[in-house]
Amino acid sequence: MLKDCIDIFERKYSSAGDALITDNYTLDPGTYILVDMDGQIIDQKDVVRNKFERIGFDDFIERDYLSKLLDMNKPIDGKKVIHSNNYLSFWIKKDNLQPDNNGNAKLSLDIVNNYYAILKNPRLKYTKKSLELYDDLETSIGSPDLQILEFCKTWITEHIFSFIDDPQIKFDKTYLKIFFLADLNLYHQESQRYFLPNIYNTTDYNILINNQIFGLPNNNMGMNAKKPYLENKTRIKSKVPYLLATDDVYIQKKFFDYLYNYANQGKTNVYFSTDSDDPDPIYPYENSQAHVKNLSGYFLRIQKGKELEIRDYDLIAGYSPNLDHFVIQQAIPIPKDAHSDLTYRDDLNLKSVHQIINTTFFRKFLTTNYFTEAGDIRLNDFRVKEELLRCRNGFFTWFYKGDPRTIKSIFPKSSLELIKNSISNGHFIKAIEQFNVRDGFITYFKGGTSMADQLRPIRKELREKLNSTDDQSIESDLEYFYAVGQITNYYLSRSKSNKKPVYSTVNPVVNCKSNEKLKDLLTRLFLKYNYDIQANRRFGNLQSMIFAYLPEGPMDSTTLIAGYLSPNLLYESNKDTKTQEEKN
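Residues numbered from 1 in each chain as written. Predicted model: local features only at pLDDT ≥ 70, side-chain atom pairs only at ≥ 80, totals over all residues. Heavy atoms only, no water.

## Comments concerning helix α10 (residues 382–401)
The terminal C-alpha atoms of α10, which comprises 20 residues, lie 28 Å apart, in line with the 28 Å expected from a rise of 1.5 Å per residue. Bending of α10 peaks at approximately 45° at the position of Cys391. In terms of burial, α10 is largely enclosed, as 14 of its 20 residues are buried. The N-cap of α10, judged by a side-chain oxygen 3.0 Å from the amide nitrogen of Arg383 a few residues on, is Asp381. Gly402 sits one or two positions beyond α10 and adopts a positive phi of about 80°. (Helix = DSSP H or I, 4+ residues; strand = E, 2+ residues; numbered from the N terminus. Expected span 1.5 Å × (residues − 1). Bend = angle between axes of the 7 residues up to and from the residue. Buried < 20%, exposed > 50% of the residue type's maximum accessible area, 1.4 Å probe, protein only. Polar contact = N/O pair within 3.5 Å; in protein donor to acceptor, adjacent residues only side chain to side chain.)

Right, dumping it as structure tokens:
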């Protein structure tokens, strides 16, 4: 699949070249100095972290891109003090110029001389298969330009240590990068001199097939004794996961450079379209954003680390940001005097549902923690964190890839646990919002009659029975569990304690596993709070109907919770009852 993404990229790269990368390139924080070939500093600029503007940096951007190391394990300077890859540039961290308590700086004249000695004769650096790669390269591009190399070396040795006294340079842990104003073609040539012999993860795995070198690419793949699981155990001559020819490794390197620019800008979701009519087949988005059009193709989730990291990848078939009639209704009405930001609509799209789920169930921790290590998620509520970890992969697959198969099977149970958790913590309005969103979610995926539509006739019939002067009875399990929720709410409301009902009181009822146990709990609640319960027709009717009914099916905690969270019928005034009867 990665090869398919690279093929899409290569079609763009073949027409745009390195401009495809450098047009979106970001410079590291630090001081940038440009020296002409007469030895004069003609430009000096600073890049501030997270505030890079391209204006005025045209002379630096492409030279910077061509001068960077593949990674810190492949330096020209074996001491890893100098971070550039050719004699036309010289990069160090500023603090490496500052002397320590003994008066010694990390950068020394010996390190500078060794750096240029290797660039003058790269054969000093390479051995065996790496040397073979370099020899082949030098045959095509020639030897280094020793005259320019000596000029650059002389300038650096004469000036680099004097920058410590330059008042225009702020010495911190950012870079000091010096570039010489040589022709860009020479920069390209010298970058090739570094890249091609180092482009493989290690040349130990290189093999020759039909006069063409194949090896293990460096990007996102490190073979060593700590990673035996990466070995391909079925390959006889080589245990590496996969091998690429030099040309393919080179274009893969460009592909990863291209993606790294996006990761550097916080654009971590990248879509690749396979639609031949798509004017631009690559779409990068920021961390919380998903594609805004229909798409079939591929998805990559990337992240900036010491190198570009691909955290997730997938094939996408028929992604759409639109949903076919995802509706959220007030199955349980929000009390008039309560504040709620939840919007009840019948035209929600995938982005809207994502925002609602994130806010209503996960306290806005979902969108920012899809790939965060569990120990690094600063969420104090254990239950919310547990369900976030359980559901986040399923939600990510739905919201960003359009595949709901995982989440639609696990979220009904997880969302019910989160509703119970809100009830136990006294977040009554939050529990109502969660119930209503959960109802919309389940109805969208499973179809059938929503809880909102099921509860209206149940509530109407129960109201009529409570106000009746004749003997009444509960006629269905749905009505029974709704009534149990209502009477539980009523019992707990009669508490004279200064504290709200605690989890230890509500939890056994909403989590009860048998009807016998449930009625025992209701009896205990009645005995506990009957000191404040005055005998009246409504309460008597409700209690007698509940204790007379034997459910036919299993426990229904969802409907019980609906009854618990709904406005209590026992507190309706005669005026309210008449109003509701007129509405119905």
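We are not done yet, so read on.
## Brief notes about the nonpolar core
If you look at the biggest cluster of nonpolar residues, it comprises 71 residues, and the most contacted ones within it are Phe90, Leu107, Tyr116, Ile160, Ile178 and Phe272. Considering every element that reaches this core, the biggest residue donor is helix α8 (residues 246–264), with 7 residues. For Ile178, the contacting residues outside a window of four places in its chain are Ile33, Val35, Leu88, Ser89, Phe90, Trp91, Trp155, Ile156, Ile160 and Phe163. Within the second largest apolar cluster, 48 residues are counted, among which are Ile332, Leu478, Leu565 and Leu569. (Core = buried A, V, L, I, M, F, W, Y, C linked by side-chain atoms within 4.5 Å. Contact = heavy atoms within 4.5 Å.)

## Digging into unusual backbone geometry
Even without being a glycine, His325 presents a positive backbone phi close to 65°. Its place among the elements puts His325 in the loop between β11 (308–319) and α9 (350–362). A relative accessible area of 52% means that His325 is categorised as exposed. Residue Lys364 is not a glycine yet carries a positive backbone phi of 65°. Structurally, Lys364 is set in the loop between α9 and α10.

## As for the environment of Trp155
Looking at the secondary structure, you find Trp155 in helix α6 (residues 146–159). Judged by its relative accessible area of 5%, Trp155 falls in the buried class. Residues Trp155 and Asn219, spaced 64 residues apart in sequence, show a C-alpha to C-alpha distance of 35 Å. Each residue touching Trp155, except ones within four places of it in the same chain, is listed here: Val35, Gly39, Ile41, Ile160, Phe163, Ile178 and Phe180.

## Some remarks on the pattern of salt bridges
The full count for this structure, using the stated rule, is 29 salt bridges. Glu150 is paired through a salt bridge with Lys120; the nearest N and O atoms lie 3.7 Å apart. Taken together, the residues span a long stretch of sequence, with Glu150 in helix α6 and Lys120 in helix α4 (residues 109–120) at a distance of 30 residues. You can call Glu150 partly exposed: its relative accessible area is 31%. Between Glu138 and Arg123 there is a salt bridge, with its nearest N and O atoms 3.0 Å apart. Taken together, the residues Glu138 in helix α5 (residues 128–141) and Arg123 in the loop between α4 and α5 connect sequence positions 15 residues apart. With a relative accessible area of 14%, Glu138 lands in the buried category. The exposure class assigned to Arg123 is partly exposed, which follows from its relative accessible area of 37%. In this structure, a network of salt bridges that share partners links the residues Asp28, Asp64 and Lys177. (Salt bridge = Lys/Arg side-chain N within 4 Å of Asp/Glu carboxyl O.)

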